[in-house]
Amino acid sequence: MITISLRPVGRNWGTISFASTLYLCPILDLLLADVPTKLQAELRLGLQEALVNAAKHGNNLDPGKLVVVRFSLIDNQYWWIISDQGSGFTPSPDSDSDPTDYLPPDEAESGRGMSLLHLIFDQVEWNRKGTELRLCKQIEARRLLSLRR
């Protein structure tokens, strides 16, 4: 089941919550509905990785646990805040380190998604508990037409 709360307008936030699943197409479609077409493929890949991490690694695909996504467009920045109900992990405090450093050695290969997040989004931040991910993508400011002649 997918629950949707208001579309983001101005400084308002929309919310989508869903039971942990890897069937993410309808959720991604909703999250990207108002994103410019030229950015959709790249952002779809990044958001898919983030949602898979929340559902699979955070919630262990437990259908009784929710993934919650808050989203908004604020001052030419698209924001997504993805929360899971898992036990979390300890994010690396050093932003210059490899984004997969926190993973145990046997899972480091599955850290490809974390690396992609850093390539796709302009800001990637976790809360201290490691259960909430904040993603930001800056878009070009719209140019205003000059009224001068």
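Coordinates for the structure precede this section.
Parameters at a glance
- Residue numbers here run from 1 along each chain, matching the order of that chain's written sequence.
- Confidence filtering applies because this is a predicted model: local features only for residues at pLDDT of at least 70, side-chain atom pairs given and counted only at 80 or more, and all residues used for totals across whole chains, interfaces and linings.
- The side-chain numbers reported here are obtained from all heavy atoms of the structure, hydrogens and water having been left aside.
- Secondary structure elements follow DSSP: runs of H or I of four or more residues count as helices, runs of E of two or more count as strands, with numbering from the N terminus.
- Burial classes follow relative accessibility: with a 1.4 Å probe on protein chains only, a residue under 20% of its type's maximum area counts as buried, one over 50% as exposed, and anything between as partly exposed.
- Residues count as neighbours in contact if any of their non-hydrogen atoms are within 4.5 Å of one another.
- Note on areas: Shrake-Rupley with a 1.4 Å probe; residue coverage comes only from the protein chains shown.
- Salt bridges are defined as contacts in which a side-chain nitrogen from Lys or Arg sits within 4 Å of a carboxyl oxygen from Asp or Glu.
- The definition of a nonpolar core used throughout is a set of buried Ala, Val, Leu, Ile, Met, Phe, Trp, Tyr and Cys residues joined through side-chain atoms within 4.5 Å.
- Expected span, for any helix, means 1.5 Å times one less than how many residues it has.
- Here the bend at a residue is taken as the angle between two axes, fitted respectively to the seven residues that end there and the seven that start there.

A. Geometry of the overall build of the protein chain. Along the protein chain, the regular secondary structure elements total three helices and six strands. Across the 149 residues in the protein chain, those meeting the buried criterion constitute 36%. Within the protein chain, contacts between residues at least 6 apart in sequence are counted, and of these 60% link residues at least 24 apart. Summed over its atoms, the accessible surface of the protein chain is roughly 9400 Å², and 51% of this surface lies on carbon and sulfur atoms.

B. A look at the pattern of salt bridges. A complete count under the given rule lists three salt bridges for this structure. The partner of aspartate 29 in a salt bridge is arginine 44, with the nearest N and O atoms 2.8 Å apart. With a gap of 15 residues between them, aspartate 29 in helix H1 (residues 25-31) and arginine 44 in helix H2 (residues 37-58) connect regions that are remote in the sequence. Residues lysine 137 and glutamate 42 are paired through a salt bridge, measuring 3.6 Å at the closest nitrogen-oxygen approach.

C. Fine view of unusual backbone geometry. Of note in this structure, leucine 61 is not a glycine but carries a positive phi near 55°. Tracing the backbone shows leucine 61 in the loop between H2 and strand S3 (66-74). Of the residues examined, leucine 61 reaches a relative accessible area of 36% and is grouped as partly exposed. Located in the positive-phi region is aspartate 75, a residue other than glycine, with phi close to 50°. Position of aspartate 75 relative to the elements: it lies in the loop between S3 and strand S4 (77-83).

D. Fine view of the nonpolar core. Core analysis: the largest hydrophobic core is formed by 30 residues, its most contacted members being Leu31, Leu47, Leu51, Trp80, Ile82, Phe121 and Leu135. Looking at this core, the elements with two or more residues in it are strand S2 (14-19), H1, H2, S3, S4, helix H3 (112-120) and strand S6 (132-138). Take this core: its biggest share by element is seven residues, from H2.

E. Quick peek at H2. Under the 1.5 Å per step criterion, the end-to-end length of H2 is 30 Å for 22 residues, consistent within 8% with the ideal 32 Å. In H2, a bend of some 35° at leucine 43 exceeds every other bend along the element. Of all the positions in H2, only Leu39, Leu43, Gly46, Leu47, Glu49, Ala50, Leu51, Asn53, Ala54, Ala55 and Gly58 are classed as buried. Buried positions along H2 lie against S2, H1, S3, S4, H3 and S6. Immediately downstream of H2, the backbone of asparagine 60 shows phi near 55°, a positive value.

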